[in-house]
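# Chains, contacts and geometry: an overview
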Amino acid sequence: MRYYSTRDKECRTWALADAAFMGLAPDGGLFVPERIPQADMERVERLAEMSYADMAAYVAGLIMDDLDADMLSEAVREAYDFPIRLYGLGGGRFTLELFHGPTFAFKDFGARFMGRVAGLLNGGRELVVLAATSGDTGSAVAHGFRGVEGVRVVILYPAGKVSPLQEAQMTTIGGNISPLRIDGTFDDCQRLVKEMFGDRALRRRVRITSANSINLLRWLPQSFYYFYGWSMWHRTTGRTAPEIVVPSGNCGNLAAGMLARRMGLPVKGFVAASNANDVVPEFLRTGVYRPRPSVRTVANAMDVGAPSNFERMLWLYGGDAEAMRRDLRGYSCDDDDILALIAEQKTRFGYLSDPHSAVGFGAAEALGVDGFWLSTAHAAKFGGAIRRAAGVEPSLPPALAEALSLPGHAVDMAAEAGALREYLVAMV
Ligand SMILES: *Cc1c(COP(=O)(O)O)cnc(C)c1O
């Protein structure tokens, strides 16, 4: 299998390793597979009964068929050593909980896979993964690459602007993970990373790559859990074609679901569920796509005003926006709604939901969805919002409590390219 850019009319293709280490295609587009393999759903069901890793290894082998099957299978087993469950709240309401990984958010599914497979593709050579984060992505990437031979992860985060929990998750890992606490904003962190990628002299001395969410190695594995969720839902309900609600921001998750559907997953359709940043629901309503600056909400990982993966969604429909609108419904709500939805789940079902997943629940209720919604983060990561909404504090999972209790280590750095350059050169 080779991969090409959503923007390349000539469809020049690249090997997986090249596409993965470039991240973004040279023309600014997003990498997609050159053809869409078909999954044998009976086999998917059988493997899903065995384990998530068994099923994921099969689907991964279809879309990354150049990788050695045994190595891929081992990488998948290492990546997915945590649970995933379809939880029934009652009355035919189901949610696929994707937050039982090391950083308690669904980004672990992409980042853990990327860490292991990038390690395989890199073959133990020296490689620096450089990432700027406003909180959650950094911890997912750090845990994803933890212990991967030859790879050092350098994470830049803004001092005083991430939560204590997020900071602890990045600074207590140690080993090959090097957090830099930048005296500046998230935008400064991003600017510094961009400058390093644009610095040819530096790149001749240090092999660097990014690990952002549009990377093929983070995107493709997000299609696997749709197959698993479908299998569990089908087994539980006996029904065959669910509608799936996806709490969406940059829409990587939603686009991965659409990819799974093109691979043969029998899904009736999807719901793009967003907070006040309702670019996609608005597009579905009006037919006009109007990207704009994001606004801040309590479901902040979905605060995206110009979703990068919209390009992949359109590509999956051969550029036919009308066809996409037939398969996709939209829903959006504001912060007051989100808090009310959290409270409602607590009182009606005794279930604590984080603000992002609550948007999914809201969509499922409002649109009468026959299927399930994805839960993207653990409630304990958003204790403040839960307390405000439902008057209770979710208890911390042991791994989160432990990270908070350990001493953290980060290097303090001014928001200056010179300082970062020196640091990187000294590292290799
Ligand atoms: C990143 C994230 C989202 C949004 O996912 P996209 O793939 O960007 O649409 C939703 N919920 C949580 C908790 C996230 O971290």
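Thresholds applied
Residues numbered from 1 in each chain as written. Predicted model: local features only at pLDDT ≥ 70, side-chain atom pairs only at ≥ 80, totals over all residues. Heavy atoms only, no water. 1 Å grid on protein atoms, 1.4 Å probe; cavity = no way out; pocket = protein on both sides within 12 Å on 5 of 7 lines; lining within 4 Å. Points joined across faces, edges and corners; volume = space filled by probe spheres on them. Helix = DSSP H or I, 4+ residues; strand = E, 2+ residues; numbered from the N terminus. Nonpolar A, V, L, I, M, F, W, Y, C, P; charged D, E, K, R; others polar. Pairing = 2+ DSSP bridges. Contact = heavy atoms within 4.5 Å. Axes fitted to C-alpha atoms, helices over the stretch in contact; angles between N-to-C directions. Domains from an automatic or database assignment. Buried area = accessible area lost by both parts, 1.4 Å probe. Salt bridge = Lys/Arg side-chain N within 4 Å of Asp/Glu carboxyl O. Polar contact = N/O pair within 3.5 Å; in protein donor to acceptor, adjacent residues only side chain to side chain. Near = heavy atom within 4 Å. Areas by Shrake-Rupley, 256 points an atom, 1.4 Å probe, with all protein chains shown as cover. Buried < 20%, exposed > 50% of the residue type's maximum accessible area, 1.4 Å probe, protein only. Lys, Arg positive; Asp, Glu negative; His and termini not counted. Phe/Tyr/Trp six-rings, centres within 6.5 Å; stacked < 30°, edge-to-face > 60°. Lys NZ or Arg CZ within 6 Å of the ring centre and 35° of its normal. Parallel < 35°, antiparallel > 145°, perpendicular 65-115°, else oblique. Right-handed = clockwise from strand over helix to strand, strands pointing away.

### A short note on empty space enclosed by the protein
For the coordinates displayed, the defined rule picks out one cavity of 30 Å³ or more. If you add up the space inside the largest cavity, you get close to 70 Å³. In terms of lining, the largest cavity is formed by 14 residues, of which the most central are Ser248, Gly249, Ser274, Asn277 and Val280. When contributions to the lining of the largest cavity are tallied by element, the ones reaching two or more residues are β10 (269-274) and α13 (279-286). Residue classes in the lining of the largest cavity are distributed as nine nonpolar, four polar and one charged.

### A few points about the sheet that holds strand β5 (residues 127-132)
Spatially, β8-β5-β6-β7-β13 is the arrangement adopted by the five strands of the open sheet, whose pairing is parallel. Sheet topology places β8 (208-209) and β13 (411-414) at the edges, where each strand pairs with a single neighbour. Sheet topology places β5 next to strand β6 (residues 151-158); six bridges connect them, and they run parallel. In the sheet register, Ala132 faces β6, and the bridge partner there is Leu156. Across the sheet, helix α6 (residues 136-145) is in contact with β5, β6 and β7 (177-183); its angle to β6 comes to roughly 165°.

### Focus on the domain arrangement of the protein
Here the domain parsing of the protein yields domain 1 (80-105 + 219-390) and domain 2 (108-217 + 406-427). On a C-alpha basis, the centres of domain 1 and domain 2 stand 28 Å from each other. Contacts between the two partners involve 22 residues from domain 1, matched on the other side by 16 residues from domain 2. Interface area for domain 1 against domain 2, summed over the two sides, is near 1700 Å², with a carbon-plus-sulfur share of 59%. Inspection of the region where domain 1 meets domain 2 yields two salt bridges. Where domain 1 touches domain 2, the interface holds 10 residue pairs in polar contact (both at pLDDT 80 or more). Split into classes, the residues belonging to the side of domain 1 that touches domain 2 amount to 14 nonpolar, five polar and three charged.

### Focus on the site of the ligand
Contacts to the ligand come from 14 residues, most closely from Lys107, Gly249, Asn250, Cys251 and Thr376. Between an oxygen atom of the ligand and a main-chain N or O atom of Asn253, the distance comes to 2.9 Å. In the complex, the protein chains occlude 95% of the 380 Å² of accessible area that the ligand would expose alone. Partitioning the shell around the ligand into residue classes produces six nonpolar, seven polar and one charged.

### Considerations on the side chain of Asp303
Relative to the elements of secondary structure, Asp303 occurs in the loop between α13 and α14 (310-316). It turns out Asp303 is buried and unbridged, and the closest side chain with the opposite charge, Arg296, is 4.6 Å from it. Here the side chain of Asp303 touches Asn275 through a polar contact of 3.0 Å, side chain to side chain. Apart from residues lying up to four places away in sequence, Asp303 is in contact with Asn275, Asn277, Ser294, Val295, Arg296 and Thr297.

### Digging into the packing of aromatic side chains
All chains considered together, the criterion is met by 18 aromatic pairs. A ring pair is formed by Tyr52 and Tyr80, whose centres lie 5.1 Å apart and whose planes are at 85°; its orientation type is edge-to-face. With a gap of 28 residues between them, Tyr52 in helix α3 (residues 52-63) and Tyr80 in the loop between α4 (69-79) and β3 (85-90) connect regions that are remote in the sequence. Given the relative accessible area of 6%, Tyr52 is considered buried. A relative accessible area of 6% means that Tyr80 is categorised as buried. On the numbers, 5.6 Å between centres and 80° between planes, the contact of Phe113 with Phe224 is edge-to-face. On the criterion of sequence distance, the pair formed by Phe113 in helix α5 (residues 107-122) and Phe224 in helix α11 (residues 224-237) is long-range, its members being 111 residues apart. Through successive ring pairs, a cluster of aromatic residues spans Tyr52, Tyr80, Phe82, Phe109, Tyr225, Tyr226, Tyr228 and Phe270. Lying over the aromatic face of Phe21, Arg207 brings its terminal NZ or CZ to 5.6 Å of the ring centre. The cationic tip of Arg312 hangs over the ring face of Trp219; the distance from NZ or CZ to the ring centre is 4.2 Å.

### Focus on the packing of helix α16 (residues 335-349) against helix α18 (residues 383-390)
The interhelical angle for the contact between α16 and α18, taken along N-to-C directions, is 70°, at an axis separation of 8 Å. By the criterion of interaxial angle, the relationship of α16 to α18 is roughly perpendicular. Between α16 and α18, the residues in contact are Leu339, Ile342, Ala343 and Lys346 and Ala385, Ile386, Arg388, Ala389 and Ala390, respectively. For the contact of α16 with α18, the per-class residue count stands at seven nonpolar, no polar and two charged.

### Things to note about the pairing of β7
The buried fraction of β7 is high, at five of seven residues. Where β6 lies against β7, six bridges are found, and the strand directions are parallel. Among the inter-strand pairings, Tyr157 is bridged to a residue of β7, identified as Arg181. Once you follow β6 into helix α7 (residues 164-171) and on to β7, the crossover reads as right-handed. Taken together, the four bridges between β7 and β13 define a ladder with parallel strand orientation. Among the inter-strand pairings, Ile182 is bridged to a residue of β13, identified as Met413.

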